[in-house]
Amino acid sequence: MTTYADLPGDELGSLKAELEAQYAEIKARGLALNMARGKPGADQLDLSMPMLATVTTAEDCRAEDGTDCRNYGVLDGLPEAKRFMACMVEEDPANIVVGGNSSLSLMYEAVARCLDFGTLGSKPWSQYDGIKWLCPVPGYDRHFGITEAFGIEMIPVAMTADGPDMDEVERLVAGDASVKGIWCVPKYSNPGGVTYSDDVVRRLAAMECAADDFRIFWDNAYCVHHLYDDAADQDQLLDIGAACREAGNPHRYFKFASTSKVTHPGSGISAIAASPDNVAEIKKRMGVGTIGYDKLNQLRHVKFLKDADGLAAHMAKHAAILRPKFELVVSKLDEGLAEVGGCSWSSPRGGYFVSFDAPEGTAKRIVGLAKEAGVTMTGAGATYPYKQDPRDSNIRIAPTLPPLAELNAAMDVFVCCVKLAYAEKLLG
């Protein structure tokens, strides 16, 4: 197969001229398409509209134990809400705290607690000369934003097909007590769609850490977000809590999940799960800042989704909407870029993103060209700490928000921009 890099200079120059003409024609269309973030489309949001009618009378506001959910109280969540979130995070309901609409807020608060108070008797992290955090890359920019905001030094660790490079992770945590945590999106990772292998999960749970207060921040954001209904086509993930208990490190993990891409992202419910001792500490600190989260919203979610079976049935409706979008993106990349060379991309079985690696040194140019042509994408570099992708290569494609026809048009623009940026680079 002849790739762009194999073409003689005159042929590549002629190709670049053709691509420039094609790009000018695209710009003239005046498009305004957005693939910047993994937002659900309106048709997905419509799936949860019946939930808003589940709590409409005073009697509806009573929890199963008789609690009037219109009033103060119940710091860690209604029993039925804890039971429901347990099916998402694979934890005993007693070890769960149900939060507000954002698991990201729970992560932010967890880092802040450790900085201010330490954890389970350890010295507050803020009292160290400096602390460090492991960041599998490419990864989730909002995770990196939290650690950057607190002035924590972020150390990139390469992602593999099985999860983070564990040889490197183990080396870093064993030799440096200032390494206090790691960000993990362990199932259908953001953006690569990788699910951690059983071996990776067990090694994270059992590895020797110089810091006895090292914590795994296990953001299982896409735990039920399969694209395919058949279990054989779905990724399975070993539970980090069970692995940590088995390894004799029961306090090492904080697990997070939410219904942000299950129901309505702006008004879902979230949860943090941890060991009983960790949960007791979380509740002690959390109780100073709130008397309890939105119990009516917890009630709405339980009445609407009910249990694990109800959740699975609801997520199958999401998958039916998302599957054609992901298949379109992958097919467009396969058809448009297979002979270009220098590119690679993921073909995930779940989650919300496709990870695209452009020819080195072209990602910023591609994103800039796309924006000029009316297609907004997440900024190049966003999937790395400090927004610094050393290869200027990775681009996160978010196919979820645009309707299928708009997504088709956006991918045509993207493919053209990749080709043009690469031809420019090769020609210097």
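Everything in this summary refers to the structure shown in the same document. All values reported here derive from a predicted model rather than from experimental measurement.

What counts and how
- Residues numbered from 1 in each chain as written.
- Predicted model: local features only at pLDDT ≥ 70, side-chain atom pairs only at ≥ 80, totals over all residues.
- Heavy atoms only, no water.
- Helix = DSSP H or I, 4+ residues; strand = E, 2+ residues; numbered from the N terminus.
- Rg over C-alpha atoms; globule rule 2.2 N^0.38 Å.
- Buried < 20%, exposed > 50% of the residue type's maximum accessible area, 1.4 Å probe, protein only.
- Contact = heavy atoms within 4.5 Å.
- Areas by Shrake-Rupley, 256 points an atom, 1.4 Å probe, with all protein chains shown as cover.
- Pairing = 2+ DSSP bridges.
- Axes fitted to C-alpha atoms, helices over the stretch in contact; angles between N-to-C directions.
- Core = buried A, V, L, I, M, F, W, Y, C linked by side-chain atoms within 4.5 Å.
- Arc of directions from axis to C-beta.
- Polar contact = N/O pair within 3.5 Å; in protein donor to acceptor, adjacent residues only side chain to side chain.
- Salt bridge = Lys/Arg side-chain N within 4 Å of Asp/Glu carboxyl O.
- Parallel < 35°, antiparallel > 145°, perpendicular 65-115°, else oblique.
- Left-handed = near helix turned anticlockwise from the far one by under 90°.
- Nonpolar A, V, L, I, M, F, W, Y, C, P; charged D, E, K, R; others polar.

This brings us to the overall build of the protein chain. When you go through the protein chain residue by residue, the secondary structure sums to 13 helices and 13 strands. For the protein chain, whose C-alpha radius of gyration is 23 Å, the value lies close to the compact-globule estimate of 22 Å for 428 residues. Oriented by its inertia axes, the alpha-carbon framework of the protein chain measures out at about 75 × 55 × 35 Å. In the protein chain, which comprises 428 residues, the proportion classed as buried is 55%. Within the protein chain, contacts between residues separated by at least 24 positions form 75% of all contacts whose residues are at least 6 apart in sequence. When the accessible surface of the protein chain is totalled, it reaches about 17,400 Å², and 49% of it is carbon and sulfur.

Residue Pro-138 is bonded to the preceding Val-137 through a cis peptide linkage, with omega at 0°. Residue position: Pro-138 is located in the loop between strand 3 (132-137) and helix 5 (141-149). Across the junction of Asn-190 and Pro-191, the peptide omega takes the value 10°, indicating a cis bond. If you check the backbone angles, Glu-90 has positive phi at about 55° while not being a glycine. You can see Glu-90 is positioned in the loop between helix 3 (79-89) and strand 2 (96-98). Accessibility expressed as a relative area gives 41% for Glu-90, which makes it partly exposed.

This next bit is on the sheet that holds strand 3. The mixed open sheet is built from eight strands, whose spatial order is 2-9-8-7-6-3-4-5. Single-partner strands in this sheet number two, and they are strand 2 and strand 5 (163-164). Each of strand 5, strand 6 (179-184) and strand 7 (215-219) is contacted by helix 7 (residues 198-206), which is oriented at about 145° to strand 7, the strand it contacts most.

Once that is clear, we can look at the nonpolar core. In this structure, Leu-333, Phe-356, Ile-397 and Phe-414 are the most contacted members of the largest nonpolar core, which totals 50 residues. Taken together, the elements giving at least two residues each to this core come down to helix 1 (9-27), strand 1 (33-35), helix 11 (308-337), strand 11 (354-357), helix 12 (363-372), strand 12 (375-377), strand 13 (394-397) and helix 13 (404-427). Broken down by element, the residue count for this core peaks at 13 residues, all from helix 13. With residues near it in sequence (within four places) discarded, Phe-356 still touches Leu-333, Leu-337, Cys-343, Ser-344, Trp-345, Ser-393, Asn-394, Ile-395, Ile-397, Phe-414 and Val-418.

Here we take up helix 6 (residues 166-175). Turning to helix 6, its buried residues are Met-166, Val-169, Leu-172 and Val-173. One side of helix 6 holds all its buried residues, which, seen down the axis, span an arc of 130°. Seen from the open side of helix 6, the exposed residues pointing more than 90 degrees away from its buried face are Asp-167, Arg-171 and Gly-175. Looking at the buried positions of helix 6, the neighbouring elements they touch are strand 3, strand 4 (153-160), strand 5, strand 6 and helix 7. Backbone nitrogen of Asp-167 and a side-chain oxygen of the N-cap are separated by 3.2 Å at the start of helix 6; the cap is Asp-165.

This next bit is on the sheet that holds strand 13. Taken in spatial order, the three strands line up as 10-11-13 in an open sheet, and their pairing is antiparallel. At either end of the open sheet lies a strand with only one pairing partner, and these are strand 10 (344-345) and strand 13. Across four bridges, the pairing between strand 11 and strand 13 is antiparallel. Opposite Asp-357, over in strand 13, you have Asn-394 as the bridge partner. Sitting on the sheet, helix 11 is in contact with strand 10, strand 11 and strand 13, with an inclination near 20° to strand 11.

Attention now goes to the pattern of salt bridges. The tally for this structure, following the rule as stated, stands at 22 salt bridges. Here Glu-360 and Arg-391 are joined by a salt bridge, their closest N and O atoms 3.7 Å apart. Placement of the pair is Glu-360 in the loop between strand 11 and helix 12 and Arg-391 in the loop between strand 12 and strand 13, with a sequence separation of 31 residues. Residue class for Glu-360 comes out partly exposed when judged on its relative accessible area of 45%.

Below, the discussion takes up the side chain of Asn-190. Within the secondary structure, Asn-190 is located in the loop between strand 6 and helix 7. In this structure Asn-190 comes out as buried when scored by relative accessible area, which is 3%. Polar side-chain contacts of Asn-190 include one of 3.3 Å to the side chain of Arg-396. Ignoring sequence-local partners within four residues, the contact set of Asn-190 consists of Pro-138, Gly-139, Tyr-140, Val-185, Tyr-222, Phe-353 and Arg-396.

At their nearest, the axes of helix 3 and helix 10 (residues 295-305) sit 9 Å apart, and the two run at 55° to each other. Classified by the angle their axes make, helix 3 and helix 10 are oblique. Once helix 3 is placed against helix 10, the crossing between them reads as left-handed. Of the residues in helix 10, those in contact with Glu-80, Ala-81 and Phe-84 of helix 3 are Gln-298, Leu-299, Val-302 and Leu-305. A per-class count over the contact of helix 3 with helix 10 returns five nonpolar, one polar and one charged.

Taken by themselves, the reported measurements are silent on function.
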